[in-house]
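These are the residues of each chain, in order.
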Amino acid sequence: MAGNLLGLLALALGWRRSMWTWPIQLLSGAVLIAAYLSGHLAGLVGKQGIVIVTALWGWYQWQRGRRRTGDIEVRFASWKERALLAGATALATVGLAELFLAFPKLSWSPWADAYIFVGTLAAMYAQARGWVEFWLAWIAVDIVGVPLAFSSGYTFSGLTYVIYFALVLLGLRAWWLRTRLPRATGTAVLQGATA
């Protein structure tokens, strides 16, 4: 419960483009790893491991961007970036599922676990880059993650993911609208960052 509530907080902070989203995601990932280890859910444990590693990288990316412009900029990915992300996600999902199939003790649901694991990595990578599409990637992960959580007996996690879904839709709208604002430059950006 604590890990999922921290995850909700991290999502809400990401919606507001707060730097605190990253350390809260780190803490949420650590708590959820402990919970999922007891349920032998390799994909969900792996997902949280990816959350921790990617949160460290995302935190660095957002700090670097903020030092450069004074703000966390968001944008739509280019068609090339989308194609590369989708292709890499598909290939990695197939590769990881094959690994899970070859070693059945790693996962009782190889395809779902691989999809969640790789989809989470793709979503967090896109978030760290400031791409609006990261919200869409989370929706794709939740489509599989919510039923898997319920079927695995993690009812609270499943209910939390339903709330995530609503927050994701609101976050998608907020970031989408943010891309329509004119970009401030120079002094105006720095003044806005210190306000």
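Residues numbered from 1 in each chain as written. Predicted model: local features only at pLDDT ≥ 70, side-chain atom pairs only at ≥ 80, totals over all residues. Heavy atoms only, no water.

## Description of the side chain of Thr120
Reasoning step 1: Here Thr120 is to be found in helix α5 (residues 110-129).
Reasoning step 2: According to the relative accessible area criterion, Thr120 is buried, its value standing at 0%.
Reasoning step 3: In this structure the side chain of Thr120 is engaged in a polar contact, spanning 2.8 Å, whose partner is the backbone oxygen of Ile116.
Reasoning step 4: Once residues lying within four places of it in the same chain are set aside, the contact partners of Thr120 are Lys47, Ile50, Val51, Trp138 and Val141. (Helix = DSSP H or I, 4+ residues; strand = E, 2+ residues; numbered from the N terminus. Buried < 20%, exposed > 50% of the residue type's maximum accessible area, 1.4 Å probe, protein only. Polar contact = N/O pair within 3.5 Å; in protein donor to acceptor, adjacent residues only side chain to side chain. Contact = heavy atoms within 4.5 Å.)

## With respect to helix α4 (residues 79-102)
Reasoning step 1: Taking 1.5 Å of rise per residue, the 24 residues of α4 would be expected to cover 34 Å, and the 34 Å separating its terminal C-alpha atoms lies within 8% of that figure.
Reasoning step 2: Looking at α4, one finds that the buried residues are Leu85, Thr93, Leu96, Ala97 and Phe100. (Expected span 1.5 Å × (residues − 1).)

## Concerning the packing of aromatic side chains
Reasoning step 1: All told, the structure shown has eight aromatic pairs when counted by the stated rule.
Reasoning step 2: Judged by centre distance (5.2 Å) and plane angle (85°), the ring pair of Phe76 and Trp176 falls under edge-to-face. One end of the pair, Phe76, is in the loop between α3 (42-69) and α4; the other, Trp176, is in helix α7 (residues 155-178), with 100 residues separating them in the sequence.
Reasoning step 3: Its relative accessible area of 31% is what places Phe76 among the partly exposed residues.
Reasoning step 4: Members of the aromatic cluster, each reached through a chain of ring pairs, are Trp22, Trp62, Phe134, Trp135 and Trp175. (Phe/Tyr/Trp six-rings, centres within 6.5 Å; stacked < 30°, edge-to-face > 60°.)

## Concerning the confidence of the model for the protein
Reasoning step 1: For the protein, per-residue confidence averages 82 on the pLDDT scale, and 90% of positions sit at 70 or higher.
Reasoning step 2: Looking across the protein, the model is least confident in helix α8 (residues 186-194), with a mean pLDDT of 36, and most confident in α4, with 96.
Reasoning step 3: Counting contacts from residues 184-195, a segment whose pLDDT is below 50, to residues more than four positions away or on other chains yields six contacts. (pLDDT = per-residue confidence, 0-100.)

## Details of the packing of α5 against helix α6 (residues 133-151)
Helix-helix packing is characterised by the crossing angle of the two axes and by the distance between the axes.
Reasoning step 1: Contact pair α5 / α6: the axes reach a minimum separation of 8 Å and the direction vectors enclose 155°. As judged from the angle between their axes, α5 and α6 are roughly antiparallel. You can see that α5 and α6 cross each other, and the crossing is left-handed. Residue-level inspection shows Ala112, Asp113, Tyr115, Ile116, Gly119, Thr120, Ala123, Met124, Ala126 and Gln127 of α5 in contact with α6, the latter providing Phe134, Ala137, Trp138, Ala140, Val141, Val144, Gly145 and Leu148. (Axes fitted to C-alpha atoms, helices over the stretch in contact; angles between N-to-C directions. Parallel < 35°, antiparallel > 145°, perpendicular 65-115°, else oblique. Left-handed = near helix turned anticlockwise from the far one by under 90°.)

## Considerations on helix α2 (residues 21-38)
Helical geometry note: an α-helix holds 3.6 residues per turn, so side chains three or four residues apart project in the same direction.
Reasoning step 1: A rise of 1.5 Å per residue sets the reference length of α2, with its 18 residues, at 26 Å; its end C-alpha atoms lie 26 Å apart and thus fit the reference within 8%.
Reasoning step 2: Taken as a whole, α2 has its buried residues at Thr21, Trp22, Pro23, Ile24, Gln25, Leu26, Ser28, Gly29, Leu32 and Tyr36.

## Regarding the pattern of salt bridges
Reasoning step 1: In this structure the tally under the stated criterion is three salt bridges.
Reasoning step 2: Between Glu81 and Arg75 there is a salt bridge, with its nearest N and O atoms 2.9 Å apart.
Reasoning step 3: The exposure class assigned to Arg75 is partly exposed, which follows from its relative accessible area of 28%.
Reasoning step 4: If you follow the salt bridges from partner to partner, you end up with Arg75, Glu81 and Arg129 in one network. (Salt bridge = Lys/Arg side-chain N within 4 Å of Asp/Glu carboxyl O.)

## A short note on a nonpolar patch on the surface
Reasoning step 1: Taken together, the side chains of Met1, Leu5 and Phe156 define a hydrophobic patch exposed on the protein surface, amounting to about 320 Å² of accessible area.
Reasoning step 2: Relative to the helices and strands, Leu5 resides in helix α1 (residues 2-15).
Reasoning step 3: Take Leu5: its relative accessible area is 44%, and that puts it in the partly exposed class. (Patch = residues over 30% accessible without salt bridge, like charges linked within 9 Å, V, L, I, M, F, W, Y side chains within 5 Å. Areas by Shrake-Rupley, 256 points an atom, 1.4 Å probe, with all protein chains shown as cover.)

## Looking at unusual backbone geometry
Reasoning step 1: Its identity is not glycine, yet Arg17 carries a phi of approximately 60°, on the positive side.
Reasoning step 2: Examined against the element boundaries, Arg17 turns out to sit in the loop between α1 and α2.
Reasoning step 3: For Arg17, a relative accessible area of 19% corresponds to the buried category.

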